[in-house]
Every structure is written in structure tokens, then in C-alpha cells.
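# Observations on the three-dimensional arrangement
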Amino acid sequence: MKKRIATILLLICLVMTSIPTAYAGEDDWYTYTYNFWGDAVASPDAYSVERVLYGRSFGDEVGVFLSPESLFVIDDIMFVVDTKNNRIVELQWTEGEFELIRIINKVHVSVDKKDELLIGDEVVVTMLQPGDVFVRAIDKETREKVYGKYLGPEYIPPKKETTEPATTDEDASEGDTEDADSSAGTSDSEDADDASDDGDGATDGEGDDGDGATDGDDGEDTPAPVQVKDVENVIKKDLNRDYDIFIADTKNHRIIHCDYELNVIDVLDNPKDETLAENYEFLPSKFVVDEAFRYYVQATNINAGLMEFTKDGTFTGYIGASPVTVSFIQRIWRKIQTKAQRARTKQYVPTEYNNVSMDSNGFLYVTTGSLTDAEIAVGNGKPVRKLNSMGTDILIRNGNFYPIGDIHPGNSKSISGASAFVDVVTFENETYACLDKTRGKIFVYDFQGNLLYAFGKPGMNEGCFQNPSALVKLNEETIAVLDRFCGTITIFVMSDYGKLVNEALSLYRVGLYDESADIWREVLKYNGNCELAYVGIGRSLLRQGEYKKAMDNFEIVRDSRNYSKAYKYYREQVVEENIVWFIVILAALIIVPKLIRKIIRVRKEIREA
């Protein structure tokens, strides 16, 4: 009997394990969303790949992007932070076409401000592995009002005397051959010497923390940094914009603030504070600057939140520190541990952010990619947050699932672990898109935290990513993704389906619920599995007093909260419409029995009389 029961249980286990799970893995759809049960459901593509751009797409002088870390877009200008090439490439985007404006690899400084660029005993005007760039529109009058006069005679770094060994004709011939075979964008020997004399991080032995030309993120051998000419020699177009440019010159431990002509206005360097170690090295990685010219900096090895600085570079503290959660069991265990055991036990410290961005209303969005599967599973881990001025997380999470990327960490044959967000971009209707480094995907959420759609895959094909590092919007219908490993920029344009979803959300956001419902009905023609469309239509019907129809729509997607609200109003409506009948029936229930008893009593009295 026991053997028979064991055999039956074994067969049941085999059958259960053979049932395919509807998770979104690497072999599933390119675009998908999750239904109420957490199963992946195919969705029409909300974005399609318009083109994939390489460094050489912008001209031979650009060459190859080497571990690019960041993108920034303002108006029709895009800045590419080409980190391991120690430069920033500025492009103009007009009607879908990109044109090189200039290559920024150094800044200009006046004589009276040269000490602000002092590193050791040398004034360094070149960049060393920049991590980010931020640009803010400001006119000349406002700049002088905020910062005062700053221009003066330009400081020219002195040339170092170098002695070069004499070369034979054969050596010169070999050198000419090597120059002819070198990649496009490499400057001549004189320009290369100038870059070296200026302290350019592109020289050998600098900028890689001792790892040579190996990218520490992907572990692959990468070519040597591209040597570029001075800024003046590579300007392609003078736009004369009213912009201020802020550059996170990471390995030089500073943030440089300059005008559009790259004249240095101010430098934010290593902060002095008792909360920081004496040997602390300031490594600004990502940052934003608000309208009051306050800096919010995500610095490497800082897990106390974002570092906040005033416009004059004064460090004022931290904002948005991630709360630390310790379980009840862990607290009890620490109580009974000895001091030596506690010292060897893992310290519970806040999570370090990896990126920060700012929406049009001045709210900060931060991401972190170092959360564990357990933290995300129980809801303690929040890989994307929205911070107000007090640093409080105010991101709305009313969807069926938290905005955490893939809700099934172990859903792929080759990739495991939770999604790791490395960037976030916001749109005017308060939807936002998160870039997942782990799976090479983009997750788009509405302002309530509902997943609208996810798309992308890891790989080398068009629309796939190996190591995505940055996500920006060129406009409300066009986004760009930067891949650090491939050195590519993938341009995505919104499809008709995506435009409909976007329009429906925008109309609902401004209170045009009925107009929004009409668009949601069009969405359902593209995608009958769009649960948000049923919710949007149900909310519109709810406002129109069509409570029963609203209940039917909410029931389809199992929206219990809105269903309960519709049911409440439907019950009240039924009562109001039938109040007369209720009164008549109630009166009948009260009066008729009394009347019957009275009739019976009267008839009895008559018989007895």
C-alpha cells in the first residue's frame, strides 16, 4: 500500500514539473506584460527599433565609443559620455538625423580660477574617465546674477620639455605605416603629445585603476582609448546655446561647472565633513542639478543616500537614504552574539544608489541594482524610488505587482536573479521607464505603478543589449539606450499601439476620463489582453453612472478595489430607483398582517354575536 501511494505521488510530481510555466524568459516574446495571476502575456510592440548608431556613425574623428557610461539630452542636443576615451561627444538631433557638433576632452580656465583645477601641483584641464554630464539652460544675465563675473585671461598650461630619442629612417618609415593603419579619429603625434602634456587620462597607465585597457564591467579586452584633438579643432558647428554644462570628472575627483564655451565657472571637489573618512576620495558617478543650482550626487562607495551640495559647492548632507530592514530573527540573534561574533557578522547598511534623474517637476528618481531576490520578494527592496525635497520616497505602487522589473527572478535558463535597474527616465504624463541591466530590458510603468509593457532581450541582435548603461528620451515618443559593452546607441520610436496607450494615460491624467475611455477601446482592438484598458473603461463608466457595466469591466481583470466601489454605487442606485416599490412592499408587510388579523377578529365577533 505504501509503495502504491509513493508511486502515485511520484507520478503527480512528474506531471506538475512537466507543465510549462508562463514566465517571460529569453525564449518568449519581445514585448509582454503581466496579468493578474503574474503570468506573462504577449503584447503588441510599444516601441520599435529605428536604428542602431556606433561611434563611427558620427564621423571618423569620433572613432569607437569605449565603455560609454551616460547620455544626456536637452532640446535637440545629445551628449554621449565616452568614459574610457576620456571625452564627451556632443551631437545635434534634427528630424531623426544626428550631426557631430564637437568632442569635449578639456575645459578652459581663467588665470584667477586655475587653482580650482589643481590636482597635486599641476593644473589639469583634461578629463579622466568622466561618469556623467548634466546641462541646464541659463542665459548670460542669470548666470552673472547667480555666480557673478568669472571670465578673465585664459590660463594656458605650460608645455613640458620632452626629449625624444633620435629615430632612423627605418623607424620613421615603420611609424608612418603604423599611423596609416591606425583607426580613424586618432590624432597625429603632435596632438597626442599635447593631450599627454595636458594630463589627458588617455595616456598609457592612467584611467583604468591598474587594469590596463580592460573594462572591469564586462571583463572583455577593449581597444586603447581614442586620442582626439583639442576641442577647438573638432568643433563642427557653433550653436551658441545658453547652456551651462556640468561634468562628473570621476577619476579626477570633481564636478566641473562651465558655460557652453567650456569656460570654467566653478569646481566641486572632495567635500570636507566629519561624516566622511579622512582618506575619503570623492568619486562622483551620476548627478543632477536643480533650478536652484543645488547638486544631488550619487558617489561611488556612498550608501547614505545622495550627497547634496549648494551652488557654491558646500556639502550640506545626504538625502534619500535607503532604509535598513532587519528581521526579528536577526535582531534576536544579534542580542545573544558575542562582540567578536557581531564583528564578523555581515553589517546591515543602506543600499547604495547607482543612478539619479530629475523629472520636469523637480522630483528625483533614483535606482539601485544591488538588491537581493529575498528583499524584492517581500517588498522591502525598492529598485526605483521617487524622492521629494525631504528625501521621502513618494512613488505610488498601486499595481498588482511592485515596479521591480521581472517578477520571477529565476525565469531564464541563462540569467538568474532579480532585475537590476541602472537608469530611469520620466515622461510628461508621469509614466516612467526603467532600464534593467540584468536582462537587457526596459520596463515602462504608469503613474500608479502598473506595468504597461516590458521589452528587450539580452543579445547582440538589433533591439537587444549586452550591458545597457543609460536610457534617455529624445522626445515623448522617442527614446535611446546606450550599451556600454557594444558601444552603441539604439534609437526606439513609439508604435501606434504605444501612442494610443500614452494618449489614454495623458487624457486620464488631466481628468478627461470619457475621452480616455474612447482611446482605451481603441487599445483593446490592438490588444485584448490589456488589463489597464478595462480598468480605464470601467473608471469612465463609473463616472457616467453606468455602475453595472463598470462592474463587468472590473470583474474581467479582477480589480476588487474598483469593483467594490462600483458595487456600492450600484447598490445605492438600485435602491433609489426602486424606493417606491420598497416602501410599498414594506408597508404591505407591515399593514397586511394587521389587516388580516383585524378581519379575522371582526368575523369572529360577528359569529359570536
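Here, the structure is the one placed above.
Residues numbered from 1 in each chain as written. Predicted model: local features only at pLDDT ≥ 70, side-chain atom pairs only at ≥ 80, totals over all residues. Heavy atoms only, no water.

## Some words on the packing of helix α9 (residues 496–509) against helix α10 (residues 513–526)
Relative to each other, α9 and α10 sit at 160 degrees, their axes nearing to 8 Å. Put simply, α9 runs roughly antiparallel to α10. Considering only the axes of α9 and α10, their crossing is left-handed. Note on element contacts: α10 touches α9 through Tyr-513, Glu-515, Ser-516, Ile-519, Trp-520, Glu-522, Val-523 and Tyr-526, opposite Asp-496, Tyr-497, Leu-500, Val-501, Glu-503, Ala-504, Leu-505, Leu-507 and Tyr-508. (Axes fitted to C-alpha atoms, helices over the stretch in contact; angles between N-to-C directions. Helix = DSSP H or I, 4+ residues; strand = E, 2+ residues; numbered from the N terminus. Parallel < 35°, antiparallel > 145°, perpendicular 65-115°, else oblique. Left-handed = near helix turned anticlockwise from the far one by under 90°. Contact = heavy atoms within 4.5 Å.)

## What to know about the layout of surface pockets
Considered as a void within the structure, the largest pocket measures approximately 1,100 Å³ in volume. What lines the largest pocket is a set of 47 residues, among which Phe-72, Phe-134, Met-358, Asp-359 and Ser-360 lie closest to the centre. Those elements that provide at least two residues to the lining of the largest pocket are β4 (70–74), β10 (132–137), β14 (284–289), β18 (355–358), β21 (421–426) and β27 (468–475). The residue makeup of the lining of the largest pocket, split by class, is 24 nonpolar, eleven polar and twelve charged. (1 Å grid on protein atoms, 1.4 Å probe; cavity = no way out; pocket = protein on both sides within 12 Å on 5 of 7 lines; lining within 4 Å. Points joined across faces, edges and corners; volume = space filled by probe spheres on them. Nonpolar A, V, L, I, M, F, W, Y, C, P; charged D, E, K, R; others polar.)

## Considerations on the sheet that holds β18
By way of backbone hydrogen bonds, the strands of a sheet pair with one another, either parallel or antiparallel. Spatially, β18-β19-β20 is the arrangement adopted by the three strands of the open sheet, whose pairing is antiparallel. Each end of this open sheet is capped by a strand with a single partner; those strands are β18 and β20 (384–387). Strand-to-strand twist across the sheet, computed as the mean angle between neighbouring axes with direction ignored, equals 20 degrees. (Pairing = 2+ DSSP bridges.)

## Details of the side chain of Asn-252
Take Asn-252: it is sitting in the loop between β11 (243–249) and β12 (254–259). Since its relative accessible area comes to 11%, Asn-252 is described here as buried. Those residues in contact with Asn-252 that lie beyond four places of it in its chain are Ile-119, Val-124, Thr-126, Met-127 and Leu-128. (Buried < 20%, exposed > 50% of the residue type's maximum accessible area, 1.4 Å probe, protein only.)

## What to know about the state of the cysteines
Counted by the stated rule, this structure contains zero disulfides. Here Cys-464 stays free of any disulfide, with the sulfur of Cys-486 as its closest cysteine sulfur at 10.0 Å. (Disulfide = S-S within 2.5 Å.)

## Re a negative patch on the surface
A grouping of Asp-139, Glu-141, Asp-242 and Glu-261 is seen on the molecular surface, where their side chains present a negatively charged patch. Residue placement: Asp-139 occurs in the loop between β10 and α2 (140–147). For Asp-139, a relative accessible area of 31% puts it in the partly exposed group. (Patch = residues over 30% accessible without salt bridge, like charges linked within 9 Å, V, L, I, M, F, W, Y side chains within 5 Å. Areas by Shrake-Rupley, 256 points an atom, 1.4 Å probe, with all protein chains shown as cover. Salt bridge = Lys/Arg side-chain N within 4 Å of Asp/Glu carboxyl O. Lys, Arg positive; Asp, Glu negative; His and termini not counted. Charge placed at Lys NZ, Arg CZ, Asp CG, Glu CD.)

## Some points on the packing of helix α11 (residues 531–543) against helix α12 (residues 547–556)
Remark: α11 packs on α12, axes separated minimally by 8 Å, with the N-to-C direction vectors making an angle of 165 degrees. The angle between α11 and α12 falls in the class roughly antiparallel. Crossing geometry of α11 relative to α12 is assigned as left-handed. Every residue of α12 that contacts α11 at Tyr-534, Val-535, Ile-537, Gly-538, Arg-539, Leu-541 and Leu-542 is listed here: Tyr-547, Lys-549, Ala-550, Asn-553, Phe-554 and Ile-556.

## Regarding the sheet that holds strand β13 (residues 264–268)
Taking strand neighbours across the sheet as the criterion, the four strands line up as β10-β11-β12-β13 in an open arrangement whose pairing is antiparallel. Each edge of the open sheet carries a strand with a single partner, namely β10 and β13. Mean inter-strand twist for the sheet, computed between neighbouring axes without regard to direction, equals 15 degrees. Across six bridges, β10 lies against β11 in antiparallel orientation. Looking at the pairing, Asp-132 lines up with Ala-248 of β11.

Keep in mind these values describe shape, not function.
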